[in-house]
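Fold and geometry: a report
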Amino acid sequence: MSQHFEIAIIGAGPAGIAAATSAAHHKIPHILFEKGQVANTIYDYQLRKHVMAEPSRLPLRAHCRFEAGSREKILQEYSEDLAKRGVNMMKTEVTAIAKRGDLFEVTHGGGACTAKHVILAIGVQGSPRKLGVPGEDSGSVAYTLADPDAFNGKQILVVGAGDAAIENALALAAHNTVTLINRGAEFARAKDANSKLILAAVGSGKIRCFYNSTVAGIEGGEAVVNTPEGEVVMPCDHAIARLGCILPRKFLEGIGVAFPNPDANSVPSVSHRYESNVPGLFILGALIGYPLIKQAMNQGYEVVAHIRGEPVEPADQPLLEERFEKLPGGFKANFEKVAQSIPLFKDLSAPQLREMLIDSTLHLKSAGDTVFEKDDYTDTFFSIVSGSVEIVIDSNRRVSLSQGQFFGEMGLLSGRRRVATVVTAEDGSILLETPRKQVLKLIASVPSVKRALDELFMLRAMQTSIFPDAPEALLRSLAQKAQMKSYKKGDVIFREGEPGDALYVIRKGSVKVSRLNRGGVDVAQTYVPAGHYIGEMAILKEESVPRSATCSAAVACDTIVIKKEDALALISQDPDVRKRLLQVADERRVDNAMSDWSEDSGKLLDFMMREGLTDAENVLLIDSNLCVACDNCEAACAATHGGYSRLDRKGGKSFASIQLPISCRHCENPLCMLDCPPDALVRQVDGEVIIKESCIGCGNCVSNCPYGVIKLVYDRPSSGGFLLSMLGLAKKKEKGPAKAAKCDMCHDLAGGPACVRSCPTGAAMRVNSARLVQIASARRA
Amino acid sequence: MHQDTFLNYRRFKWLWITAAALVAMLVLYVVDNPLGGRSGGSLLGYAYGILAAVGIVWLMAFGLRKRSYHSSLGTLEGWLAAHVWIGIGLLLVVPLHAAFSFGCNVHTLAYVLMVLTILTGIWGAVNYSTLSGRITAHRGGAKDELLVERVDELQQQAGQLCAGKSDAFVRLYNEFCAPFKPSLAWMLFTSRQPVVDKKAAREMLSRLEGAEHTDAVAMIGLLDQRLDMLRELAEQARIKALLKLWLYVHVPASFALCVALIAHILSVLYFR
């Protein structure tokens, strides 16, 4: 007869250890299975790695120790605690788990046993995700890194943007030349401390990093990398790929665990007590999307308490309840409502949902309250828990959204201003506002969220830019047929003269439109920003129509491609749409026919794109025909900003009579904001990007800004004015810490930017990208 | 690219305001027929005198406004426009105040100083509007420091060609490298540039033969480039100096005017 236990715990990782020590502490008959080492994932960490204890605000409740420290110290404490508590551990592999009646049959390397409860805490490190390119299994590619000191003076490629990749890259960079390949533009998935360290290393040139890049192949000591600027071939002695792991889905499904959807990345749904759809089977840690050690340990503790029938609050409960304070009835009355009212979040596991809610804000709104205004520069994401809102497209048209729907995704994904004002339509409406970083994290980890947002973005993009009156059902079917396509900077999307076969909606980035002028020279005409469409002229008629201009990516672009036949099918069902589109196309044709841009104006536009001015929300320009070099602008800037001028009049580039001082242009997609640990860089509602007092002077923004407009400065001690200092009465101020400083548009001055107001000749001006294009077009020959 | 300058600011708003005020004052002056004839001491004369004095104080306050970087009281461009046109208007207000009587006294001294201030101001305004577009550093041209370096480089390259060459060759070098030391007045008031005596240079070149001749042509090319740069440097220095120089007269003259104005007011009040 096989042995029987109250609890069988599979996997001696942090969650398993916490569960086992709790069970042992309460003298519950238990067994802990481990096929490899205790805390195998930590064991596989590089030697002497410093292990963090994130999230720092979360207390640890388990019956065993864990705090930030070296890999060795943590492993030793785990072993000691397992022994001290008298945990019944068996070092063997569990090969099958099956439920028979009320009991689980656990088959393992040493036989079999039965258990009333099974806690599955096997993690995901067992099967790393491969590169999926030629050379992925060659000897020079590894998916773990135990001892970084084993490498010296090598060319090493680290692939990935998570904590493992960052830590490996940092450790290897001490004695090797390290290149990091990040598929995205940020280190959104990494712990804050790690993302700060890696940005500092990249900023100082210690590690080279390619963003928005992928590995195309690794062979013969060379790696081919696809970057937004094109293909790069680099020497590569070794490659370390840290791309996360594949969930052991088959094993879980074998036990009867259900998954919310067929996506390979989806995680099993569990209750708030981590119980799966199989009663008595609990799943913890990384398997349910919880990779952090402390969280996993708390889960182990909570599950055992739950099995013992002892009421236990999750460790983050107070944080969560705080979010509900403002709502009538508080947490109890509203938590379930929030959890169930928003279909977008239905695939989130209970812990993912809790984390999302802890980072979000719940608003109780009255009818007529404005949620946000058109052209605001906020980037949060809203879901409607109850009630309804209206999107104000113009004075005549309003779109109503109700419970379970969401909005604000356009600003979230494209980084642009809000495209419409949203007002609350019903008293007592409850809205959930989620920060951008949290939504990006969900997009990255919950496939259904990504898909839903992609489809919705396409739908809204089509609604606002091309087919405002088409029925939503038609647009939905069009969105499902549409494809996403990305372009690197400089890639040609289509060429003048080619037959047109598709329409492109620009989701991110901007596109340069150029045409051959009468002299046969390809001249930049204009640029089209995100949220608009290109290529509509050629697809409106059944017959083949050649493209009237060449479109290429001015910066890296994401586009939505709508095939000609799909668009025509929609248009044929709606004669009004067709009529309006033809009208717009004809207007553009007349414009094209009448304009023959000189090469000069094209060059001016090229200059603007090269200098990133098409991304500028507010840029300082100086008309050198008027500037008398008096430098009063710099004096004004210094006088209004603690003695340091944030603009360098002479330092910048110039084109014809336009001079571009080195000064913040308040980009639409501000790279400086990408990684600010204290979130001190914020975009104001009017678009200006400012640095708050909470700046810690880390310098991330200084290295992230491509235009060199941010400097670290000390507050210059105020003299108290010229007269006082002449009389020796000036007060001396203590020198503060160095902080990042840049143009803040004099947002606290009633009159506006001091530089422009102090220019005696009117040479200094501030313009946005739209006005810049006007300037360029006003210079047609 | 730009529409508004400090002169045509808001479609010459301040020129029109000043002109209208002057016309009104002129009409009043003609219509006015005070006892004892028109003079600075008549009621209208006093009124115009006070107006002029207030105007002068306000014009001088421009120096303060220019440095009030936190001010939200109009733009500096607008202030400068008003400063220029109202300042020019004073040229007529003061004679109207004095009923066109001038003499060799402290009163006329104040007027003379005011005219000096205003004329230098006009000179500055003309410089501002004619010279600003000629600062090449603004137009993507090389910065002065780079030009100076390049001038030295060119001279060294040309100098190296002289090694082992004949006296005629070196004389040709010297012809091109004659020291260029413009006087201050030359710098400021003439845009003529130093030229090499082409005829002499041609003659010298024709006396050289073979390899020396080839090298000499190359050397002339280098030295001619150097001269172009020197001329450019001198021109830029001239422009920058002119954009500032007028202020060195304008500001002290305005303070002197202030002193004379106080003397004028006190003496008038005392000797009434």
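Keep in mind it's a predicted model, so treat the numbers as computed, not measured.

The subject of this paragraph is the overall build of chain A. Within chain A one finds 22 helices and 41 strands. Taken over 781 residues, chain A has a buried fraction of 53%. The long-range share in chain A, meaning contacts at least 24 apart out of those at least 6 apart in sequence, stands at 68%. Entry remark: accessible area of chain A is about 33,700 Å², with carbon and sulfur atoms responsible for 51%.

Secondary structure assignment for chain B yields 10 helices and 0 strands. Mapped from its N terminus to its C terminus, chain B presents α and β elements in the order α-α-α-α-α-α-α-α-α-α. The buried share among the 272 residues of chain B stands at 40%. For chain B, contacts bridging at least 24 residues in sequence account for 76% of all contacts bridging at least 6.

Residue and element names in this part refer to chain A. A cluster of like negative charges, contributed by Glu313, Glu321, Glu322 and Glu325, occupies part of the molecular surface. Structurally, Glu321 can be placed in helix α8 (residues 317–323). Note on Glu321: relative accessible area 31%, which makes it partly exposed.

By way of backbone hydrogen bonds, the strands of a sheet pair with one another, either parallel or antiparallel. Residue and element names in this part refer to chain A. Sheet architecture is open: 4 strands sit in the order β19-β24-β21-β22, paired in antiparallel fashion. A strand with exactly one partner marks an edge of an open sheet, and here the two such strands are β19 (370–372) and β22 (398–402). On average, adjacent strands in this sheet sit at an angle of 30 degrees to one another, irrespective of strand direction. Here β19 runs beside strand β24 (residues 421–424); their pairing, made up of 2 bridges, is antiparallel. From the neighbouring strand, Thr370 faces β24, where its bridge partner is Val423.

The next point concerns the pattern of salt bridges. Opposite charge on two side chains makes pairing possible when the charged atoms of those side chains draw close. Under the definition given, this model contains 24 salt bridges over all chains. The salt bridge partner of A:Glu80 is A:Arg65, with a shortest N-O separation of 2.8 Å. Here A:Glu80, found in helix α3 (residues 71–85), pairs with A:Arg65, found in the loop between β3 (50–51) and β4 (69–70); they are 15 residues apart in sequence, far enough to count as distant. Between B:Glu235 and B:Arg238 there is a salt bridge, with the nearest N and O atoms lying 3.2 Å from each other. A residue pair is termed a helical-turn pair when its members lie 3 or 4 positions apart in one helix, as B:Glu235 and B:Arg238 do in helix α10 (residues 210–270) at 3 residues. The exposure class of B:Glu235 is buried, given its relative accessible area of 13%. Judged by its relative accessible area of 9%, B:Arg238 falls in the buried class. Several salt bridges share partner residues, and in doing so they unite A:Arg65, A:Glu80, A:Asp81 and A:Lys84 into one network.

With that out of the way, let us pick up helix α9 (residues 330–341) of chain A. Residues separated by three or four positions in an α-helix point in the same direction, a consequence of the helix having 3.6 residues per turn. Residue and element names in this part refer to chain A. Its 12 residues give α9 an end-to-end C-alpha distance of 16 Å, which sits within 8% of 16 Å, the value for a rise of 1.5 Å per residue. Along α9, the residues classified as buried are Gly330, Phe331, Asn334, Phe335, Val338, Ala339 and Ser341. Buried residues along α9 sit in contact with α8, α10 (350–359), β18 (361–365), β20 (381–386) and β25 (429–434).

Okay, unusual backbone geometry next. Positive phi is not limited to glycine here, since A:Cys746 has a value of about 45 degrees. With respect to the helices and strands, the residue A:Cys746 is situated in the loop between β40 (739–741) and α21 (754–757).

A few words on the pairing of strand β13 (residues 214–219) of chain A. Residue and element names in this part refer to chain A. One ladder, built from 5 bridges, connects β13 with strand β14 (residues 222–227); its direction is antiparallel. Note on β14: the bridge partner recorded for Gly217 is Val224. Two successive antiparallel strands, β13 and β14, enclose a turn made up of 2 residues, where Gly220 displays a positive phi of approximately 55 degrees.

A few words now on the side chain of B:Thr120. All names here are of chain B. Among the structural elements, Thr120 can be located in helix α5 (residues 106–131). Polar contacts involving the side chain of Thr120 include one to the side chain of His250, which spans 3.2 Å. When near neighbours in sequence (up to four residues on either side) are disregarded, Thr120 contacts Trp246, Val249 and His250.

On to the pairing of β14(A). Taken residue by residue, a regular strand's side chains alternate between the two faces of the sheet. Residues and elements named next belong to chain A. Residues Ala223, Val225 and Thr227 point to one face of β14 and are all buried, whereas Glu222, Val224 and Asn226, pointing to the other face, are not buried. With 6 bridges joining them, β14 and strand β15 (residues 230–235) adopt antiparallel strand pairing. Across the sheet, residue Val224 finds its bridge partner in β15, namely Val233. Remark: 2 residues form the turn of the hairpin made by β14 and β15, two consecutive strands paired antiparallel.

Residue and element names in this part refer to chain A. As summarised here, the arrangement of the 5 strands in space is β9-β16-β10-β11-β12, forming an open sheet in which the pairing is parallel. With partners counted over all chains shown, the strands left at the sheet margins are β9 (141–142) and β12 (207–210), one partner each. Pairing of strand β10 (residues 155–159) with strand β11 (residues 177–181), which is carried by 5 bridges, proceeds in the parallel orientation. The residue of β11 that forms the bridge with Val159 is Ile181. Seen against the sheet, helix α4 (residues 163–172) touches β10, β11, β12 and β16 (238–241) and runs at an angle of roughly 165 degrees to β10.

A full pass over the atoms with the stated rule returns 17 aromatic pairs over all chains. Their ring planes at 65 degrees and their centres at 6.1 Å tell us that A:Phe324 and A:Phe335 sit as a pair that is edge-to-face. Taken as a pair, A:Phe324 in the loop between α8 and α9 and A:Phe335 in helix α9 lie far apart in primary sequence, 11 residues in all. In this structure, A:Phe324 and A:Phe335 share a single accessibility class: buried. Summarising the aromatic geometry, the rings of B:Tyr128 and B:Trp246 are spaced 5.7 Å apart at their centres and angled 85 degrees between planes, so their arrangement reads as edge-to-face.

Here the focus is the interface of chain B and chain A. Opposite the 27 residues of chain B that make contact, chain A presents 33 residues. Taking both partners together, chain B and chain A bury about 2,500 Å²; carbon and sulfur atoms supply 58% of that area. Summed over the shared surface of chain B and chain A, the number is 0 salt bridges. Between chain B and chain A we count 6 residue pairs in polar contact (both at pLDDT 80 or more) in total. Only α3 (62–67), α4 (76–98) and α10 of chain B provide two or more residues apiece to the side of chain B that touches chain A. For the side of chain B that touches chain A, the element with the most residues is α4(B), which contributes 3 residues. Residue classes in the side of chain B that touches chain A are distributed as 9 nonpolar, 11 polar and 7 charged.

With that out of the way, let us pick up the environment of A:Ala524. Along the chain, A:Ala524 turns up in strand β30 (residues 522–529). Linking A:Ala524 and A:Ala549, residues 25 residues apart in sequence, is a C-alpha distance of 9.7 Å.

Here we come to α3(A). All names here are of chain A. End to end, α3 covers 21 Å across 15 residues, agreeing with the expected 21 Å (1.5 Å per residue, within 8%). Of the residues making up α3, those classed as buried are Arg71, Ile74, Leu75, Glu77, Tyr78, Asp81 and Leu82. Along the axis of α3, the buried positions cluster into a sector of 160 degrees, meaning they face one direction only. Turned more than 90 degrees away from the buried face of α3, the exposed residues are Ala83 and Lys84. In the stretch just after α3, Gly86 is the one whose phi turns positive, near 70 degrees.

Residues and elements named next belong to chain A. By size, the foremost hydrophobic cluster in this structure holds 65 residues, and its most contacted members are Tyr78, Val118 and Ile119. Ranked by residue count, the leading element in this core is helix α7 (residues 293–307), at 8 residues. For Ile119, the residues in contact, after removing those within four places along its chain, are Ile7, Ala8, Ile9, Ile10, Ala19, Phe282, Leu284, Val303, Val304 and Ile307. Core analysis: the second largest hydrophobic core is formed by 55 residues, Leu327, Phe331, Leu357 and Phe467 among them.

With that settled, consider the packing of helix α14 (residues 472–481) of chain A against helix α15 (residues 564–573) of chain A. Residue and element names in this part refer to chain A. With their axes 10 Å apart at the nearest point, α14 and α15 run at an angle of 175 degrees to one another. In this view, α14 runs roughly antiparallel relative to α15, as classed from their interaxial angle. Residues Leu474, Leu475, Leu478 and Lys481 of α14 form the contact with α15, whose participating residues are Asp566, Ala567, Leu570 and Gln573. Partitioning the contact of α14 with α15 into residue classes produces 5 nonpolar, 1 polar and 2 charged.

Turning our attention to the state of the cysteines. Residues and elements named next belong to chain A. Under the counting rule described, the total for this entry stands at 0 disulfides over all chains. Cys627 forms no disulfide, and the closest cysteine sulfur to it belongs to Cys633, at a distance of 6.6 Å. Its sulfur unpaired, Cys637 is 6.4 Å from the next cysteine sulfur, which belongs to Cys746.

Residues and elements named next belong to chain B. Running from N to C, helix α1 (residues 9–31) and helix α2 (residues 43–60) cross one another at 160 degrees; their axes reach a closest spacing of 11 Å. On the basis of the axis angle, α1 is roughly antiparallel to α2. Remark: the crossing between α1 and α2 carries left-handed chirality. Listed contacts from α2 to Met25, Leu28 and Tyr29 of α1 are Leu44, Tyr48 and Leu51. Within the contact of α1 with α2, the residues separate by chemical class into 6 nonpolar, no polar and no charged.

Conventions we followed
- For every chain, the first residue of its written sequence is number 1, and the numbers climb from 1 along that sequence.
- Written order decides the labels, with chains lettered from A and ligands numbered from 1.
- Where local features are concerned, this predicted model is filtered to residues with pLDDT of at least 70; where side-chain atom pairs are given and counted, the filter is 80 or more; whole-chain, interface and lining totals use all residues.
- Computation of side-chain values: all heavy atoms of the structure, hydrogens and water removed.
- Only runs of H or I of at least four residues qualify as helices and only runs of E of at least two qualify as strands under DSSP, and these elements are numbered from the N terminus.
- When accessible area is computed with a 1.4 Å probe and restricted to protein chains, residues below 20% of their type maximum are described as buried, those above 50% as exposed, and intermediate ones as partly exposed.
- Here, two residues are considered to be in contact whenever any of their heavy atoms come within 4.5 Å of each other.
- Computed with the Shrake-Rupley method and a 1.4 Å probe, the accessible areas treat only the protein chains shown as cover for residues.
- Patch membership is restricted to residues that have no salt bridge and whose relative accessible area is over 30%. Joining uses 9 Å for like charges and 5 Å for the nonpolar side chains Val, Leu, Ile, Met, Phe, Trp and Tyr.
- Salt bridge, as applied in this entry: a Lys or Arg side-chain nitrogen positioned within 4 Å of an Asp or Glu carboxyl oxygen.
- Neither His nor the chain ends is counted toward charge; the positive residues are Lys and Arg and the negative residues Asp and Glu.
- To locate a charge, the coordinates of NZ of Lys, CZ of Arg, CG of Asp or CD of Glu are taken.
- Strands are labelled as partners when DSSP assigns at least two bridges between them.
- Between N-to-C directions, angles span 0 to 180 degrees; the directions come from axes that are lines fitted to C-alpha atoms, helices contributing only their stretch in contact.
- Here the expected length of a helix is defined as 1.5 Å per residue gap, with one fewer gap than residues.
- Polar contacts, as counted here, are pairs of nitrogen or oxygen atoms within 3.5 Å of one another; within protein the pair requires one atom able to donate a hydrogen and one able to accept it, and residues that are adjacent in sequence qualify only if both atoms are side-chain atoms.
- Pairing of aromatic side chains requires ring centres within 6.5 Å, counting the rings of Phe and Tyr and the six-membered ring of Trp. Pairs whose planes differ by under 30 degrees are stacked, by over 60 edge-to-face, and all others tilted.
- Summed over both partners, the accessible surface that disappears when two parts come together, traced with a 1.4 Å probe, is what is meant by buried area.
- Residues are grouped as follows: Ala, Val, Leu, Ile, Met, Phe, Trp, Tyr, Cys and Pro are nonpolar; Asp, Glu, Lys and Arg are charged; every other residue, Gly included, is polar.
- The arc in question is the one spanned by the directions pointing from the helix axis to the C-beta atoms.
- Residue types Ala, Val, Leu, Ile, Met, Phe, Trp, Tyr and Cys, when buried and joined through side-chain atoms within 4.5 Å, form a set referred to as a nonpolar core.
- Angles below 35 degrees are treated as roughly parallel, those above 145 as roughly antiparallel, those between 65 and 115 as roughly perpendicular, and all remaining angles as oblique.
- By convention in this document, the label disulfide applies to cysteine sulfur atom pairs within 2.5 Å.
- The sense of a crossing depends on the near helix, which, turned anticlockwise from the far helix by less than a right angle, makes the crossing left-handed and, turned clockwise, makes it right-handed.

These values are about where atoms sit, not about what they do.
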